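These are the residues of each chain, in order.
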Amino acid sequence: MVTLRPYQREAVDAVYAHLRQRDDNPVVVIPTGGGKTPVMATLCDDAVTRWNGRVLVLAHVKELLEQTAGTLDRMAPQLHVGLYSAGLGRRDTEHPVIVAGIQSVFRRAAELDAFDLVIIDEAHMIQPEGEGMYQTFLKDARVVNPRVRVIGLTATPFRMTSGMICQPDHFLNHVCYEVG
């Protein structure tokens, strides 16, 4: 496992504190190039190796999927990371950690089986209202496992059109850590 920078360790610790103390879902804000993937790798590794859980990492573009899966493989090779993306011709479903394209899985939560943790990379891409792909998937994932927790990672927790991505009635509710 990779050694985290102090602020990355603080981000991971803030996520765990949030998940212990609250019933809603946290967001971590780290600037572009600030190292969201090592935070993600640590969360995945802990969920699988310490708590015997299963993790789904969602992203919206196939370049990000390949990059994330490759980085997770390098940082935590013991995890056996799968990839689920029609655009990349991969449909792994048996792995403890799966990196998936939202376009490929948004109607397939039941096929992928239960996840304990869903990490959304580039969480600002979730539509604030309506029945978007993320909302459809997360609603179905809650049917498969009502206790699934969602963590958002983003560099920009604010949208020009609709304000903060965290809302009480949204899938992401509270910024638990932000690198200034």
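For the structure, see preceding data.
Quick look at the structure, then. As the structure is a computational prediction, the values presented were derived from the model and not from experiment.

Let's shift gears to the overall build of the protein. Along the backbone of the protein there are six helices and 10 strands. In terms of overall dimensions, the protein is globule-like: its C-alpha atoms have a radius of gyration of 15 Å, near the 16 Å expected for 180 residues. In terms of overall dimensions, the protein has C-alpha extents of about 40 × 35 × 30 Å along its principal axes. Relative to its 180 residues, the protein shows a buried fraction of 56%. Pairs at least 24 residues apart make up 71% of the contacts formed inside the protein by residues separated by at least 6 positions. Just so you have it, the protein exposes about 8,600 Å², and 50% of that area is on carbon and sulfur atoms. Here the protein carries 18 positive and 21 negative side-chain charges, and the mean point of each set is 1 Å from the other.

This part takes up helix H1 (residues 6-21). Given a rise of 1.5 Å per residue, 16 residues ought to cover 22 Å, and the 22 Å separating the end C-alpha atoms of H1 matches this to within 8%. When we look at burial in H1, the residues that qualify are Gln 8, Ala 11, Val 12, Ala 14, Val 15, Tyr 16 and His 18. As for H1, its buried residues are in contact with strand S1 (26-29), helix H2 (36-50), strand S7 (149-154) and strand S10 (174-178).

Attention now goes to the sheet that holds strand S6 (residues 117-121). Backbone-to-backbone hydrogen bonds join strands into a sheet, with any given pair of strands oriented parallel or antiparallel. Strand order in the open sheet formed by eight strands is S4-S3-S5-S2-S6-S7-S1-S10, and the pairing between neighbours is mixed. Each having just a single partner strand, strand S4 (90-91) and S10 make up the two edges of the open sheet. Where strand S3 (residues 81-85) and S4 come together, two bridges link them in antiparallel fashion. Opposite Ser 85, over in S4, you have Arg 90 as the bridge partner.

Attention shifts here to the environment of Arg 9. One can find Arg 9 in helix H1. The exposure class of Arg 9 is partly exposed, given its relative accessible area of 34%. Distance in space between the C-alpha atoms of Arg 9 and Pro 38 is 9.4 Å, their sequence separation being 29 residues. Those residues within four positions of Arg 9 in sequence are excluded, and the remaining contacts are Leu 4, Tyr 16 and Thr 42.

Moving on: the pattern of salt bridges. A pair can form between side chains of opposite charge whenever their charged atoms are brought close. In this structure the tally under the stated criterion is five salt bridges. The salt bridge partner of Arg 9 is Asp 13, with a shortest N-O separation of 3.3 Å. Of this pair, Arg 9 and Asp 13 both sit in helix H1, separated by four residues, roughly a single helical turn. The shortest N-O distance in the salt bridge between Arg 90 and Asp 92 comes to 2.6 Å. A residue is classified by how much of its surface remains accessible, and Asp 92, at 17% relative accessible area, is buried.

Below, the discussion takes up the packing of H1 against H2. Between H1 and H2, the least distance of the axes is 9 Å, while the angle of their chain directions is 45°. When the axes of H1 and H2 are compared, the pair comes out oblique. Both H1 and H2 take part in a crossing whose hand is right-handed. Residue-level inspection shows Gln 8, Arg 9, Ala 11, Val 12, Val 15 and Tyr 16 of H1 in contact with H2, the latter providing Pro 38, Val 39, Thr 42, Leu 43 and Asp 46. Of the residues belonging to the contact of H1 with H2, the class tally is seven nonpolar, two polar and two charged.

Criteria and cut-off values
- Residues numbered from 1 in each chain as written.
- Predicted model: local features only at pLDDT ≥ 70, side-chain atom pairs only at ≥ 80, totals over all residues.
- Heavy atoms only, no water.
- Helix = DSSP H or I, 4+ residues; strand = E, 2+ residues; numbered from the N terminus.
- Rg over C-alpha atoms; globule rule 2.2 N^0.38 Å.
- Buried < 20%, exposed > 50% of the residue type's maximum accessible area, 1.4 Å probe, protein only.
- Contact = heavy atoms within 4.5 Å.
- Areas by Shrake-Rupley, 256 points an atom, 1.4 Å probe, with all protein chains shown as cover.
- Lys, Arg positive; Asp, Glu negative; His and termini not counted.
- Charge placed at Lys NZ, Arg CZ, Asp CG, Glu CD.
- Expected span 1.5 Å × (residues − 1).
- Pairing = 2+ DSSP bridges.
- Salt bridge = Lys/Arg side-chain N within 4 Å of Asp/Glu carboxyl O.
- Axes fitted to C-alpha atoms, helices over the stretch in contact; angles between N-to-C directions.
- Parallel < 35°, antiparallel > 145°, perpendicular 65-115°, else oblique.
- Left-handed = near helix turned anticlockwise from the far one by under 90°.
- Nonpolar A, V, L, I, M, F, W, Y, C, P; charged D, E, K, R; others polar.

None of this, on its own, says anything about what the molecule does.
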